[in-house]
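Structural overview for review
As a plain string of letters, each chain reads:
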Amino acid sequence: MLEMAYDIIAGFPAEENRLVDVLSSLQQAMGYVPPAVIPIIADRMELETPAIYKVIELTPSLSLKPAFSHKLFICNGENCTRKGSFALIKQARESLAINLFETNPRGLRLEPFRCLGNCNAAPNIMLDDEIHPHMTAEKLRSLLTDWK
Ligand code: FES
């Protein structure tokens, strides 16, 4: 994912007045400006990183966080908690390399949810609109393989 960002940065001349063009291209191609590339842009354009963050902050069309278009809910209602939802949250955080209420670069947001209404088949998760009952950490790891 970051290789794409590096290619975009390298495609522009290393001139300070092209900063907004570089940032806009990253935003358009990736849906956000990955914070990991800010030091690279700073090096290439001989700018200070706070100046780049300031430009992003002042430009409404730019964002440092990926927009989310998909949601993963881990039920933390009573039944699901009793049957292991904490282990599912731990697995989801590991698999996606994000914390609760964060969105990964693929646009998948991780959130807890108080009862998905399928308590008899606890523990449950919901990926977009689909409930996955009787979830285990191993099954979740496998389900999230393509979402890293
Ligand atoms: S407690 Fe999880 S579905 Fe109800």
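Up top is the structure.
The notes below deal with the structure included here. Not measured: the values here are computed from a predicted model.

Conventions and cut-offs
- Residues numbered from 1 in each chain as written.
- Predicted model: local features only at pLDDT ≥ 70, side-chain atom pairs only at ≥ 80, totals over all residues.
- Helix = DSSP H or I, 4+ residues; strand = E, 2+ residues; numbered from the N terminus.
- Core = buried A, V, L, I, M, F, W, Y, C linked by C-beta atoms within 7 Å.
- Buried ≥ 20, exposed ≤ 12 C-beta atoms within 10 Å, placed from the backbone.
- Contact = placed C-beta atoms within 7 Å.
- Axes fitted to C-alpha atoms, helices over the stretch in contact; angles between N-to-C directions.
- Left-handed = near helix turned anticlockwise from the far one by under 90°.
- Nonpolar A, V, L, I, M, F, W, Y, C, P; charged D, E, K, R; others polar.
- Pairing = 2+ DSSP bridges.

**Some thoughts on unusual backbone geometry**
Of note, the bond from A122 into P123 is cis; its omega dihedral lies within 30 degrees of zero at 0°. In this model, E46 sits at a positive phi of 55°, which is unusual for a non-glycine residue. Within the chain, F101 stands out as a residue other than glycine whose phi angle is a positive 65°. Residue placement: F101 occurs in the loop between α6 (85–96) and β2 (108–113).

**With respect to the nonpolar core**
Grouped together as the largest cluster of nonpolar side chains are 16 residues, with contacts concentrated most on L72, I74, L88, A92, I125 and L140. Of all the secondary-structure elements, those providing two or more residues to this core are β1 (70–75), α6 and β2. Apart from the residues within four sequence positions on either side, I74 is in contact with S85, L88, I89, A92, P112, F113 and I125. Listed in part, the nine residues of the second largest apolar core include L23, L26, I41 and I56.

**Quick look at the packing of helix α2 (residues 19–30) against helix α4 (residues 49–58)**
The description of two packed helices rests on the angle between their axes and on the distance between the axes. Where α2 meets α4, the closest approach of the two axes is 11 Å, and the angle between their N-to-C directions is 65°. In the packing of α2 onto α4, the handedness of the crossing is right-handed. Taken together, the residues of α4 that come into contact with α2 (itself represented by L19, V20 and L23) are I52, V55 and I56. Of the residues in the contact of α2 with α4, the class split is six nonpolar, no polar and no charged.

**Regarding the sheet that holds β1**
Sheet architecture is open: four strands sit in the order β2-β1-β3-β4, paired in mixed fashion. One side of each edge strand has no neighbouring strand; the edge strands of this open sheet are β2 and β4 (130–132). The average angle at which neighbouring strand axes cross in this sheet is 20°, direction not considered. Pairing geometry for β1 and β2, over six bridges, is parallel. Looking across to β2, one finds that C75 is bridged to F113. In the packing of α6 onto the sheet, contacts are made with β1, β2 and β3 (125–127), and the angle to β1 comes to roughly 150°.

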